[in-house]
Amino acid sequence: MNTLTRVFLVLLRLAIGWHFFFEGVEKINSLSLGETTTNRPFSSAGYLGEATGPFADFFRDQVRESDEEVLNRLTVVPLASGQDATMTPPHTRMPPGLAKEWKDYFDRFVREYRLDSRQADLAEKKLYQREDNTVRWLLEGRKRITKTFPTGTVEVEQTTAQRIEDYRNKVQEVRDMQTKLIPDFGKDVLKEKFRAAKTEANQMRLQLLADLNEQTEYMKKSLKEEIPSILGPSTVGLAASPFGAGPISAATALRSDQGEEILTPDQKLQRQLPAAQYASSNAVLPLQTLDKMVAWGTLLIGACLLLGLFSRTACLGGAAFLLMLYLAMPPFPWLPDPPRPLEGHYLFVSKNLIEMIALLTLATTRSGRWAGLDALVQFLNPWRRRQFQEKLSQVPIRRSQEHAAIHRT
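Let us look at the structure shown here. What you see is a predicted model, and the numbers here were worked out from it, not measured in a lab. (Residues numbered from 1 in each chain as written. Predicted model: local features only at pLDDT ≥ 70, side-chain atom pairs only at ≥ 80, totals over all residues. Heavy atoms only, no water.)

## Focus on the nonpolar core
Ranked by size, the top nonpolar core spans 29 residues in total, and within it L74, F109, L115, Y167, L223 and I262 carry the most contacts. Going through the elements one at a time, α4 (67-74), α5 (96-112), α6 (117-140), α7 (160-185) and α8 (192-224) are the ones with two or more residues in this core. For L115, the residues in contact, after removing those within four places along its chain, are F109, V110, A120, A123, I262, L263 and Q267. With 27 residues, the next largest nonpolar core counts L48, A56, L305 and L325 among its residues. (Core = buried A, V, L, I, M, F, W, Y, C linked by side-chain atoms within 4.5 Å. Buried < 20%, exposed > 50% of the residue type's maximum accessible area, 1.4 Å probe, protein only. Helix = DSSP H or I, 4+ residues; strand = E, 2+ residues; numbered from the N terminus. Contact = heavy atoms within 4.5 Å.)

See below:
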């Protein structure tokens with residue numbers, strides 16, 4: 001390998017290192033500043049949540065609940081054949097996913113505040129009351145929402161059950177587009193129609209989750225007797241009377257949870273329970289942890305490449321990261337186009353793939369020893385120094401053997 005080749009390989013390493021390092025600095029700065037009028041914190045959810053590749057479900061599950069999990073928290077258990085709705089306690093029909101989430105919080109509440117048996121029984125009754133009201137909200141709650149039509153937008157009033165069904169149908173529509181229509185044509189023929197459907201499904205999802213989380217907060221406040229004076233918009237006219245007398249106001253429904261207080265004054269002074277993390281059960285890491293790992297990982301990879309320190313390991317780490325990005329949104333013609341504009345047009349090969357191959361190429365070289373701290377690390381490594389000294393000690397022996405062979409000849 002000639003000197004000029006080594007120079008350009010070192011320059012390539014420095015260029016990629018600067019790219020990673022600057023990306024890491026920007027991500028860390030955005031996370032440390034938080035959300036302001038001029039700063040939007042870095043999040044992996046935007047990229048991985050829109051994954052379209054063969055491992056799209058895996059990537060999406062790392063940053064958010066799947067649509068199936070959301071629907072499992074929203075879908076009320078249907079009545080059995082011949083079962084009378086007026087004679088069935090509503091809390092027995094709680095959505096399975098939501099019931100498990102609330103039960104987990106309830107168990108933590110009992111443990112953290114060390115409730116005795118009387119307090120635990122009272123807390124359980126309040127939990128059932130909130131579950132009753134939440135099931136009624138899921139079945140009969142009403143809210144004015146904005147719907148988009150080809151001719152424009154309009155506000156309509158819908159029940160929660162109608163909104164859930166619309167969300168279910170929209171999710172199925174998006175799935176059919178992605179797994180049937182687009183692959184059948186071999187290219188993204190739907191384009192804006194597909195992206196509009198995904199956007200609408202996401203909006204429905206976010207609105208329903210926001211209202212559902214509001215119900216969860218009311219459950220927590222009910223256990224602590226912290227009844228808010230102002231209720232959220234999703235609760236207006238949501239409840240049905242437990243005596244079958246028709247709809248009642250949200251404030252009345254919430255006040256129906258009041259009664260004997262569960263916690264003593266001393267227990268109320270204990271630390272607050274941490275907020276529940278609404279994350280996918282398949283998620284490996286919380287989103288905030290994943291974002292910090294990505295930000296600091298790109299920074300460290302870039303710094304190592306710039307300094308020529310552990311350069312081969314840094315090249316392999318950077319290549320693995322770029323492979324993940326490539327697989328999340330590969331530019332395959334039979335997949336939907338990415339939601340954000342690209343620099344140019346890609347077909348099979350993208351900039352992430354090119355940079356990944358460049359890093360793998362650098363991993364096969366000793367660029368960190370040519371110009372970097374790897375040369376110093378190698379020099380200070382006692383094991384390598386011992387090997388070098390052993391080789392030097394064997395030089396005179398080899399030379400004497402060579403001289404003896406020459407004399408014999």
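## Describing the packing of aromatic side chains
On inspection of all chains with the given rule, the structure shows 9 aromatic pairs. Both rings, one in W18 and one in F22, keep their centres 6.0 Å apart while their planes meet at 25 degrees; by these two values the pair is stacked. With a gap of 4 residues between them, W18 and F22 both fall in helix α1 (residues 3-33), about one helical turn apart. An aromatic cluster of at least three residues, connected via ring pairs, comprises Y326, F332, W334 and F348. The cationic tip of K27 hangs over the ring face of F42; the distance from NZ or CZ to the ring centre is 4.9 Å. (Phe/Tyr/Trp six-rings, centres within 6.5 Å; stacked < 30°, edge-to-face > 60°. Lys NZ or Arg CZ within 6 Å of the ring centre and 35° of its normal.)

## Points about unusual backbone geometry
Notably, F310 is not glycine yet its phi reads approximately 50 degrees, a positive angle. Inspection of the secondary structure assignment puts F310 in the loop between α11 (287-307) and α12 (311-328). A residue is classified by how much of its surface remains accessible, and F310, at 48% relative accessible area, is partly exposed. Even without a glycine there, the phi angle at F348 is positive, about 70 degrees.

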